[in-house]
Amino acid sequence: MRRRTPPPPSPLPQRDGIDPVRVRLPGEGAWATVREHLVERLGEARAGIVDGMLAAGLVVGADGAAVAPDAAYVPGMFVWFHRELPPEAPVPFPLEIVYRDEHIVVADKPHFLATTPRGSHVTETALARLRRELGIPALGAAHRLDRLTAGLVLFTVRPEERGAYQALFRERRVHKVYEALAPHDPGLALPRTVRSRIVKERGVLAAYEVAGEPNAVSRVELVEHRAPGLARYRLLPATGQTHQLRVHMNALGVPILGDPLYPEVAAPEPVGEFRRPLQLLARELEFTDPVTGTEHRLRSGRDLEAWASYDRWAATPAAPGRPGRPTVPQ
């Protein structure tokens, strides 16, 4: 089997912890110039932006030299450039370091901070923030937490070792413990293991369960409950489907507090709103380091706000188009 030739290293440095965009020109196509391909790839609406970048020498080849505005199309050629990013509302919560050595960094991510650049969240992500604050441009994520979920995330320091740590999660060799706050249902028999088949369609916000071979397995345990009908749960996912714990808790009739997707998709929060965080926390990670052999058992130092003061968490005024004060069974 033929090995794929790795792309050349980027001639451009990171900007604010964000890698430049790398584009490989396809082997076949009717484009006469690099510009024509970039305009088609990025969309006609961005033709002016492409022209401006080329004129300013901001699109470069593998040798770091600027690509001329009329440069001929060369199949297989690589070009790099930095995207002009719109301003992002800073997530006003700290990103704590739980563990760090020469191979990995384990961070305690706050609610509302995305793990890696995606969509409209680019510079305000855990990965970009850690690259900037720790001065580790090669830092990469071994796995991902939802933006609305807080807790432990493992990052790798050396790109050549990232695959070994990603395999820990892919092969289910990491013991993960989550904590969630949700309504207390005295008629719900716990502990129990929930098994179902979860589907997440591209472009659709909420995942859903369908008939078929289970691909999502979660153990749900009741830790304690208190008035007014609020409970703290220990969740142990054996698999890693998108929104798995949120879907399973909703299916049990006890959706996690602050969830904007389950049981119903709510209107989007205005940009810069950080109220009523989802009460879900990645509390523990336990694994054997595949590089050093060290046994790690790491724990988040965060607390879920609604447990300490449900009234304070719930009384925050709702944004326009959002549900009012959430309720839990009495």
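Residues numbered from 1 in each chain as written. Predicted model: local features only at pLDDT ≥ 70, side-chain atom pairs only at ≥ 80, totals over all residues. Heavy atoms only, no water.

1. Some details on the overall build of the protein
Counting secondary structure elements, the protein contains seven helices and 13 strands. Taking the principal axes of the C-alpha coordinates as reference, the protein spans close to 70 × 50 × 40 Å. Looking at the protein residue by residue over its 330 residues, the buried ones come to 45%. Relative to all contacts within the protein whose residues are 6 or more apart in sequence, the contacts with residues 24 or more apart total 62%. When the accessible area of the protein is evaluated, it comes to approximately 17,300 Å², of which 51% is carbon and sulfur surface. (Helix = DSSP H or I, 4+ residues; strand = E, 2+ residues; numbered from the N terminus. Buried < 20%, exposed > 50% of the residue type's maximum accessible area, 1.4 Å probe, protein only. Contact = heavy atoms within 4.5 Å. Areas by Shrake-Rupley, 256 points an atom, 1.4 Å probe, with all protein chains shown as cover.)

2. Let's talk about the pattern of salt bridges
For the structure shown, the criterion picks out 19 salt bridges. With a shortest N-O distance of 2.9 Å, Arg173 and Glu171 are connected by a salt bridge. On the accessibility criterion, Arg173 (42% relative accessible area) is partly exposed. For Glu286, the salt bridge identified is with Arg297, shortest N-O distance 3.8 Å. With a gap of eleven residues between them, Glu286 in strand S12 (residues 280–288) and Arg297 in strand S13 (residues 295–299) connect regions that are remote in the sequence. For Glu286, a relative accessible area of 32% corresponds to the partly exposed category. Taken together, the shared-partner salt bridges connect Glu179, Glu224, Arg232 and Arg283 into one network. (Salt bridge = Lys/Arg side-chain N within 4 Å of Asp/Glu carboxyl O.)

3. Observations regarding unusual backbone geometry
A cis amide bond links Leu190 with the next residue in sequence, Pro191, at an omega value of 5°. Its place among the elements puts Pro191 in the loop between strand S7 (175–183) and strand S8 (192–199). Backbone torsion omega between Tyr262 and Pro263 reads 10°, so that peptide bond is classified as cis. By the secondary structure assignment, Pro263 is in the loop between helix H5 (244–251) and S12. Even without being glycine, Phe112 reaches a positive phi, approximately 80°. One non-glycine residue, Arg172, adopts positive backbone phi at about 60°. Its place among the elements puts Arg172 in the loop between helix H4 (162–170) and S7.

4. Some thoughts on the nonpolar core
By size, the foremost hydrophobic cluster in this structure holds 35 residues, and its most contacted members are Leu139, Phe155, Tyr233, Leu235, Met249 and Leu280. In contact with Leu235, other than residues within four places in its own chain, are Lys176, Val177, Tyr178, Ala180, Arg219, Val220, Leu245, Met249 and Leu280. In terms of nonpolar packing, the next biggest core, distinct from the first, is built from 16 residues, Leu38, Val59, Ala71 and Val79 among them. (Core = buried A, V, L, I, M, F, W, Y, C linked by side-chain atoms within 4.5 Å.)

5. Looking at the packing of helix H1 (residues 34–42) against helix H2 (residues 47–55)
Running from N to C, H1 and H2 point in directions that differ by 140°, and their axes come no closer than 9 Å. In terms of axis orientation, H1 runs oblique to H2. Crossing of H1 against H2: the hand is right-handed. Along its contact with H1, which presents Arg35, Leu38, Val39 and Leu42, the element H2 presents Ala47, Val50, Asp51 and Leu54. Considered class by class, the residues forming the contact of H1 with H2 number six nonpolar, no polar and two charged. (Axes fitted to C-alpha atoms, helices over the stretch in contact; angles between N-to-C directions. Parallel < 35°, antiparallel > 145°, perpendicular 65-115°, else oblique. Left-handed = near helix turned anticlockwise from the far one by under 90°. Nonpolar A, V, L, I, M, F, W, Y, C, P; charged D, E, K, R; others polar.)

6. Section: H1
Listing the buried residues of H1 in full gives Val34, His37, Leu38 and Val39. Along its buried surface, H1 packs onto strand S1 (21–24), H2 and strand S2 (78–81). Looking one or two residues beyond H1, the residue adopting positive phi is Gly43, at roughly 105°.

7. A few points about the side chain of Ser196
Structurally, Ser196 can be placed in strand S8. When its relative accessible area of 10% is taken as the criterion, Ser196 is described as buried. Within the structure, Ser196 has its side chain in polar contact with the side chain of His248 (distance 2.9 Å). Not counting chain neighbours up to four residues away, the residues in contact with Ser196 comprise Glu209, Pro214, Asn215, Ala216 and His248. (Polar contact = N/O pair within 3.5 Å; in protein donor to acceptor, adjacent residues only side chain to side chain.)

8. Notes on a positive patch on the surface
Taken together, Arg118, Arg144, Lys200 and Arg202 make up a surface patch of like positive charges. Tracing the chain through its elements places Lys200 in the loop between S8 and strand S9 (208–210). (Patch = residues over 30% accessible without salt bridge, like charges linked within 9 Å, V, L, I, M, F, W, Y side chains within 5 Å. Lys, Arg positive; Asp, Glu negative; His and termini not counted. Charge placed at Lys NZ, Arg CZ, Asp CG, Glu CD.)

9. Remarks on the packing of aromatic side chains
Any two aromatic rings considered together are summarised by their centre-to-centre distance and by the angle between their planes. Applying the stated criterion across every chain yields a total of six aromatic pairs. Taking the centre distance of 6.0 Å and the plane angle of 40° together, the rings of Tyr310 and Trp313 count as tilted. Here Trp313 and Tyr310 lie together in helix H7 (residues 310–314), a separation of three residues that amounts to about one turn. Here Tyr310 falls in the buried class, since its relative accessible area comes to 8%. An aromatic cluster of three or more residues is present, and its members are Phe93, Phe112 and Phe274. (Phe/Tyr/Trp six-rings, centres within 6.5 Å; stacked < 30°, edge-to-face > 60°.)

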